[in-house]
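Letter by letter, the chains look like this.
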Amino acid sequence: MSAEVHSPGNPAGGPRRRGRARLDLRRLGRVALLGGTSSRDGLPHALEHVAKAHRGFYPDADIPTLRTAYLLAEDAHRGQMRKSGDPYITHPLAVTLILAELGAETTTLTASLLHDTVEDTEVTLDQVRSGFGEEVAYLVDGVTKLEKVDYGAAAEPETFRKMLVATGSDVRVMSIKLADRLHNMRTLGVMRREKQVRIARVTHDVLIPLAERLGVQAIKTELEDLVFAVLHPEDYARSRELLLANAGRPDPLEETAAEMRDVLHAAGITAEVAIRPRHIVSVHRVLQKRGELRGTDFGRLLVMVPEAADCYAVLGELHTCFKPVPAEFKDFIAVPKFNLYQSLHTAVADQRGYIVETLVRSRQMHRVAEAGVVALASPLARPAAGQVGDWLKRLLEWQRATPDPDAFWSALREDLAPDQEITVFCDPGGPLVLPAGASCVDAAYARHGETAHTLVGARVNGRLAGLGTRLRDGDAVTLLLAPEASGPAPEWLDHAQTPAARIAITRWLGDHPAAQPADAAIPLPADYVPAAPASLAADDADTPAGVPADDVPAGEVSAGEVPAGDAPADGIPRAAEPAVAELPDATPRLARCCTPVPPDAVTGFVIRGGTVVAVHRAQCATVARMAAAGRRELRVHWRTGEGAPPADLRVTLKAEAFVRAHLLADLTEAIAAEGVAIVAADVEPPHEQRVRHTYTLQLPDPAELPGLMRAMRKVPGVYDVSRAQHPAGADGQSPGPGARTR
């Protein structure tokens, strides 16, 4: 852990804004190691800064233990130099001061002083354990890198894997690693350019997202600026110049802050109003979003109050005395972020028309917002709790399923990559944080782990949704699980956006290989003649694109089939199947994707090892894809005479209409008047004053279908009614119960 760096000082290159000072992690000077001690308490001069910062949070801190750890580290590293020319002991001292200023407790600081001794000196882990206890030894071991001699190119990913496993039991391991990387990034300037870029890229892909997830914003923001300077020097220089140019101008936020102080004072609310300057990357993001910067864009106002309840009192006064911007309000107190962050976010227009972003939080919230898990080391140390602990648990689960170092490294960086995240409200389980673009499948594996293999459907905001439905921030999701479900389908991999979901699905599919293709299992009769291919279309609702339906394991039902047969789930015998396939011992099943009914022209395909024939309309979009995949068609016909089709066949109709009030009520009334039951209904959002309704219906008699369609066309505003095919979406689901069984 000895990357060398020069300190860039204030990244803006100019004075900070006035107001409440942010945690300044750059003020550590190089301490001359002359062996002198403080006259007051016998501390080495080099340790005085650490002791002072530590006592600020813990007045009764165990400083003698820190002194002992420092003396051991100084002795062990004596004679070692960093590439910058400084004595090596300056590195663990700097790391320890970073953590002390964030409020870390004594055990963490002791381990940070010793964090390189086992890796780079003759000190052993047993010596650390005997001198400082099991906790310190665990932390030191957790951040000790694996040797390249033993692991070769896999040393870096395996080191991170080791640290993550250790972090799962004690988050202080990652706190030390983040502080270690921050100091190394500060002194990165002494490295070759290519090594700077490599270290900065790993920091960007892994360490910064980890700091975000653990809530350590003070480290995260400085790492972002340091990485930005290495990877994007031109954009960094431009943003820095903007900050320098703005530094000498009158700050419009000062006047707004004064107005807020007067308003809160008049309301009898004790509060501190300060200016929070943006860091360089934040300025760059605002510039990218808006194209130009106003004076109020270089900072935000921070209102701090003694207690959480006071935050809402402040919010009420601000929204009463200033004009709020509704779209900018977010309540992270009632619904904290996954990384423990709590604040009220709002934006108001002051008397001059300036839009001012404002944060409202208690002092304890502010400490957690800056230091994250470091500020809550004791309650979160072992094991991690809350949503931070949930995320670590999921990460540990999928890393165990990824023994290959390269696959683990790629999956880790991908898991940490999303810049935006959403919060959905899962029933049961409460809020769940997912990357933007996550699907119902991702939500299931994030909430239930491998139990999500039994997922059969989902409701989003009260409506049935496909498993591939992309979730949005604030969605309410109900995940439908069935213990008897046979497991995920290959197409679930198309829905899964998170490595945790994809790894779990891939592992299950590998452990449950599909049955042999039907062509190999059951030979067709010698005199069999396939159906004419003239009726072929495209798309397949029974199988994923390009995957033959034989791959559905024997004994299971694919998404495109209607569950039927001799032993239905309700135990009530059903009538004979309405269709007959020319294949001995095979049971026909009507496909849900196109809901064929007599007298439709139909064709069939063998699925499930040859025991079932899926019956499709000749015009169904399934047929061409299965034929293109090399599947053989079977001739299928409807039963006649005594074996004529039974009542209660399902059909799906699509009604196209102009938007008007009560259209849904009139259509459903027309359907009911024909004596037809509605199994499922879907109304798409209107587009250009037109709307599409899709109904899955239970027909008492197939012969009544033309009359039903005529009755629906007579409804005012309806200009077309046609047979519909359920979308062969990535989830493979058909409308209806919303459940998916295989």
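Look above for the structure.
In this text the structure is predicted, and so the values were computed from the model without any measurement. (Residues numbered from 1 in each chain as written. Predicted model: local features only at pLDDT ≥ 70, side-chain atom pairs only at ≥ 80, totals over all residues. Heavy atoms only, no water.)

A tally of helices and strands in the chain yields 27 helices and 20 strands. The 742 residues of the chain split such that 51% are buried. Restricting the contact set of the chain to residue pairs at least 6 apart, pairs at least 24 apart contribute 71%. Working note: accessible area of the chain is about 32500 Å², and carbon and sulfur atoms make up 52% of it. (Helix = DSSP H or I, 4+ residues; strand = E, 2+ residues; numbered from the N terminus. Buried < 20%, exposed > 50% of the residue type's maximum accessible area, 1.4 Å probe, protein only. Contact = heavy atoms within 4.5 Å. Areas by Shrake-Rupley, 256 points an atom, 1.4 Å probe, with all protein chains shown as cover.)

What follows concerns helix α20 (residues 405–416). Because each turn of an α-helix spans 3.6 residues, side chains separated by three or four positions in sequence point in the same direction. Taking 1.5 Å of rise per residue, the 12 residues of α20 would be expected to cover 16 Å, and the 16 Å separating its terminal C-alpha atoms lies within 8% of that figure. Within the sequence span of α20, burial applies to P405, F408, W409, A411, L412, D415 and L416. (Expected span 1.5 Å × (residues − 1).)

We now examine the side chain of S112. As for its position among the elements, S112 is in helix α4 (residues 106–113). Judged by relative accessible area, S112 falls into the buried class, the value being 0%. Every residue in contact with S112, bar those within four places of it in the chain, is listed here: P92, V95, T96, L99 and I176.

We now examine unusual backbone geometry. The step from P598 to P599 runs through a cis peptide bond, and the omega angle for that step is 5°. Mapping P599 onto the fold places it in the loop between β13 (587–590) and β14 (602–607). Even without a glycine there, the phi angle at N461 is positive, about 55°. With respect to the element layout, N461 can be found in the loop between β9 (455–460) and β10 (463–465).

Spatially, 5 strands are ordered β12-β16-β14-β15-β13 in an open sheet, and the strand pairing comes out mixed. Since the sheet does not close on itself, it has two edges, and those belong to β12 (579–581) and β13, each with one partner. Within this sheet the neighbouring strands show an average axis-to-axis angle of 40°, counted without direction. Strand direction decides the pairing type here: β12 and strand β16 (residues 633–638), joined by 3 bridges, are antiparallel. Bridged to A579 within β16 is W638. (Pairing = 2+ DSSP bridges. Axes fitted to C-alpha atoms, helices over the stretch in contact; angles between N-to-C directions.)

Attention now goes to the sheet that holds strand β20 (residues 718–723). The sheet built from 4 strands is open, its strands ordered β18-β19-β17-β20 with antiparallel pairing. A strand with exactly one partner marks an edge of an open sheet, and here the two such strands are β18 (677–683) and β20. The sheet shows a mean angle of 20° between the axes of neighbouring strands, taken without regard to direction. In this structure, strand β17 (residues 649–658) lies alongside strand β19 (residues 690–699), joined through 10 bridges in antiparallel fashion. Looking at the pairing, E656 lines up with R692 of β19. Across the face of the sheet, helix α26 (residues 663–673) comes into contact with β17, β18, β19 and β20 while running at roughly 25° to β19. In this fold helix α27 (residues 705–713) packs onto β17, β19 and β20, with an angle of close to 155° to the strand it touches most, β20.

Turning to the environment of C594, a few remarks are in order. Tracing the backbone through its elements, the reader meets C594 in the loop between β13 and β14. Spatially, the C-alpha atom of C594 lies 8.2 Å from that of A621, the residues being 27 residues apart in sequence.

What follows concerns the side chain of H77. Within the secondary structure layout, H77 lies in helix α2 (residues 63–77). Among the polar contacts made by the side chain of H77, one reaches the side chain of Q80 at a distance of 2.8 Å. (Polar contact = N/O pair within 3.5 Å; in protein donor to acceptor, adjacent residues only side chain to side chain.)

The end-to-end C-alpha distance of helix α9 (residues 155–169), which contains 15 residues, comes to 22 Å, matching closely the 21 Å that a straight helix rising 1.5 Å per residue would cover. In terms of residue burial, α9 counts as a mostly covered element, since 11 of its 15 residues are buried. Buried within α9 we find A155, P157, E158, T159, F160, R161, M163, L164, A166, T167 and G168.

Attention now goes to the pairing of strand β6 (residues 355–362). Burial within β6 is extensive, with 6 of its 8 residues counted as buried. Looking at chain direction, strand β2 (residues 299–305) and β6 are connected through 5 bridges and run parallel. By the bridge assignment for β6, V303 is matched with V360. Here strand β5 (residues 344–349) pairs with β6 via 6 bridges, running antiparallel. Bridged to A347 within β6 is E357. Where β5 folds back on β6, the antiparallel hairpin that results is connected by 5 residues, among which G353 adopts a positive phi of roughly 90°.

A full pass over the atoms with the stated rule returns 28 salt bridges. Between K220 and E212 there is a salt bridge whose closest N-O contact spans 3.1 Å. For E212, a relative accessible area of 18% translates into the label buried. The closest approach of N and O atoms between R507 and E450, which form a salt bridge, is 1.7 Å. Linking R507 in helix α23 (residues 499–511) with E450 in the loop between α21 (440–448) and β9, this pair joins segments that are 57 residues apart in sequence. A relative accessible area of 33% means that R507 is categorised as partly exposed. Exposure remark for E450: the relative accessible area of 42% places this residue in the partly exposed category. (Salt bridge = Lys/Arg side-chain N within 4 Å of Asp/Glu carboxyl O.)

In a packed pair of helices, the relevant descriptors are the angle between the two axes and the axis-to-axis distance. Two elements in contact, helix α12 (residues 217–231) and helix α13 (residues 233–247), have axes separated by 5 Å at closest approach and are oriented at 125°. When the axis of α12 is compared with that of α13, the two are oblique. Counted together, D225, F228, A229, V230 and L231 of α12 and P233, D235, Y236 and S239 of α13 form the full contact between these two elements. (Parallel < 35°, antiparallel > 145°, perpendicular 65-115°, else oblique.)

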